[in-house]
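Chains, contacts and geometry: an overview
One letter stands for each residue in the lines below.
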Amino acid sequence: MLIRVIEFLVGLMVVLTMVRSVVGFITKMYTGQSATSPQQRAGNTSRPQSSSASSPTPAGGELKKDPVCGTFISTATAFQTYAGGQTHYFCSTKCRDKFTG
Ligand SMILES: [Zn+2]
């Protein structure tokens, strides 16, 4: 019984994450193109914005599955390693060490 509740909650979380990204995408399409961006002010040019590589991912991030233990973690907080041409995300350094050997 409890397992079914957990299954339901996990499914709900996945659906909510998907819905949120879709809604965000649609909102961007409607508001982002017509409205002039407030970031295009003269004062902002003094500090060039670096790429997303160095800046932290906004809270929430993207959910990725830990290939070792199967836990879903946010890319904002996950430990990551680059192997086999793609980035892998882990819930802890323990799982990462297990994965990398
Ligand atoms: Zn893990």
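Residues numbered from 1 in each chain as written. Predicted model: local features only at pLDDT ≥ 70, side-chain atom pairs only at ≥ 80, totals over all residues.

1. Digging into helix 1 (residues 2-32)
The terminal C-alpha atoms of helix 1 lie 43 Å apart, and with 31 residues this matches the ideal 45 Å at 1.5 Å per residue to within 8%. Across the 31 residues of helix 1, 0 count as buried, placing the element largely on the outside. (Helix = DSSP H or I, 4+ residues; strand = E, 2+ residues; numbered from the N terminus. Expected span 1.5 Å × (residues − 1). Buried ≥ 20, exposed ≤ 12 C-beta atoms within 10 Å, placed from the backbone.)

2. Observations concerning the environment of Cys 95
Of note, Cys 95 is situated in helix 2 (residues 93-100). Not counting chain neighbours up to four residues away, the residues in contact with Cys 95 comprise Asp 66, Val 68, Cys 69 and Phe 90. (Contact = placed C-beta atoms within 7 Å.)

3. Comments concerning the confidence of the model for the protein
Per-residue confidence for the protein averages 81 on the pLDDT scale, and 72% of its residues sit at or above 70. Here residues 50-55 is modelled with pLDDT under 50, and outside its nearest four sequence neighbours on either side it reaches 1 contact, counting other chains as well. (pLDDT = per-residue confidence, 0-100.)

4. Some details on the pairing of strand 4 (residues 86-90)
Both strand 3 (residues 79-83) and strand 4 contribute to a ladder of 5 bridges, which runs antiparallel. For Thr 81, the partnering residue across the bridge sits in strand 4 and is His 88. Count of turn residues in the strand 3/strand 4 antiparallel hairpin: 2 residues, of which Gly 84 carries a positive phi of about 60°. (Pairing = 2+ DSSP bridges.)

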